[in-house]
Amino acid sequence: MQTSPFLGELIGTTVLLLLGNGVVANVVLRQTKGESSGWIVVTAGWAFAVAMGVFVAKAFGSVDAHLNPAVTVAFAVATNDYSHVVPYITAQLIGAFLGAILVWLHYFPHWAATPDPAAKLACFATGPAIRNKGANFLSEMMATLILILGLAGISSKHLGELAIGVGPYLVGILVWSIGLSLGGTTGYAMSPARDFSPRLAHALLPISGKGSSDWGYAWVPVAGPLAGALVGGLLIRWFTL
């Protein structure tokens, strides 16, 4: 078998979701070693998950290692090259779904031990701390815009060449910063694939004691990140970052 950009995006996103939603499950599910360890653990785990996902994506053939439809859309707008949009996003959606299934399998006995359906959904998809869909949309848009601008800054030609291997760590730090500073409102999805595919997995999997998949909110972590990506992509193009 050959590596390819599609395979890299798929496997990289699988690893990202396994580790990212895995840390959420470790914190919110009952009778885990990490139960109730808090927001710092969640944001750190997601940051490390992004860094590892990028490394894996590159190893399996995706030089870009977007792992996120919002990133793919932003850089397509920035470069006016849309050739990667369909294959990358398809791979990311599949990878996120597979990652969610792996989280379910890994924590299998803990679903029955956890009485709160909302806690179980949190291991798959994001939700707002205060449900105000307009404000929630703005939060996701702003967080994703900062993600896109941060990625542009990390890869900017004005900074010169980064040492090989440093880039993924910087991306992880960027995601950690966003989570700590902006993630408390909506859970900082910043990616349609990160939210939609695991939410679909939650709806389809035979999870013990699960409740609603909250599809009424599901458009926010899709539309918000895409809006932020569009603005970010236009800024990158206009200022040739």
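Below is a short write-up of the structure. (Residues numbered from 1 in each chain as written. Predicted model: local features only at pLDDT ≥ 70, side-chain atom pairs only at ≥ 80, totals over all residues. Heavy atoms only, no water.)

## A look at the packing of aromatic side chains
Stated precisely, the cut-off is as follows: Aromatic pairing here means that ring centres of Phe, Tyr or Trp (its six-membered ring) are within 6.5 Å. Orientation follows from the plane angle: under 30 degrees is stacked, over 60 is edge-to-face, and everything else is tilted. Secondary structure elements are defined from DSSP: runs of H or I of at least 4 residues count as helices, runs of E of at least 2 residues count as strands, and each element is numbered from the N terminus. Under the scheme applied here, a residue whose accessible area is under 20% of the maximum for its type counts as buried, over 50% as exposed, and between as partly exposed, the area being computed with a 1.4 Å probe on protein chains only.
Per the stated rule, a full pass over the model turns up seven aromatic pairs. On the basis of an interplanar angle of 65° and a centroid distance of 5.3 Å, the ring pair of F55 and Y169 is categorised as edge-to-face. Within this pair, whereas F55 is found in helix α2 (residues 39-59), its partner Y169 is found in helix α8 (residues 166-182), the two being separated by 114 residues in sequence. Classification of F55 as partly exposed rests on a relative accessible area of 27%. Consider the rings of W104 and F108, whose centres lie 5.6 Å apart with planes at 70°: the pair is edge-to-face. Looking at W104, the relative accessible area reads 11%, which means it is buried.

## Comments concerning unusual backbone geometry
Of note in this structure, A65 is not a glycine but carries a positive phi near 50°. Counting through the fold element by element, A65 comes out in the loop between α2 and α3 (69-79). The class of A65 is buried, set by a relative accessible area of 8%. The phi dihedral of N80 falls on the positive side, at around 60°, and the residue is not glycine. Note on placement: N80 falls in the loop between α3 and α4 (85-106). Residue classification places N80 among the exposed residues on the basis of a relative accessible area of 53%.

## Brief notes about the packing of helix α1 (residues 5-28) against α4
How two helices pack is summed up by the angle between their axes together with the distance between the axes. As a reminder of what qualifies: Simply put, an axis is a line fit to the C-alpha atoms, just over the touching stretch for a helix, and the angle between two N-to-C directions goes from 0 to 180 degrees. In this scheme, a crossing is called left-handed if the near helix is turned counterclockwise away from the far one by less than a right angle; it is called right-handed if the turn is clockwise. Polarity classes work like this: nonpolar for Ala, Val, Leu, Ile, Met, Phe, Trp, Tyr, Cys and Pro, charged for Asp, Glu, Lys and Arg, and polar for all others, with Gly in that last group.
Running from N to C, α1 and α4 point in directions that differ by 35°, and their axes come no closer than 7 Å. As α1 packs across α4, the resulting crossing turns out to be right-handed. Grouping the amino acids of the contact of α1 with α4 by side-chain chemistry returns 15 nonpolar, eight polar and one charged.

## Quick look at helix α10 (residues 220-239)
We count it as follows: Here, expected helix span is obtained from the residue count minus one, scaled by 1.5 Å. Between two residues, a contact is recorded if the distance between any of their heavy atoms is within 4.5 Å.
The end-to-end C-alpha separation of α10 is 28 Å, in line with the 28 Å expected for 20 residues at 1.5 Å each. All buried positions along α10 are accounted for by V220, P221, G224, P225, G228, A229, G232, G233 and I236. As for α10, its buried residues are in contact with α3, α7 (133-154) and α9 (192-204). One or two steps after α10, the chain reaches T240, where phi turns positive at roughly 45°.

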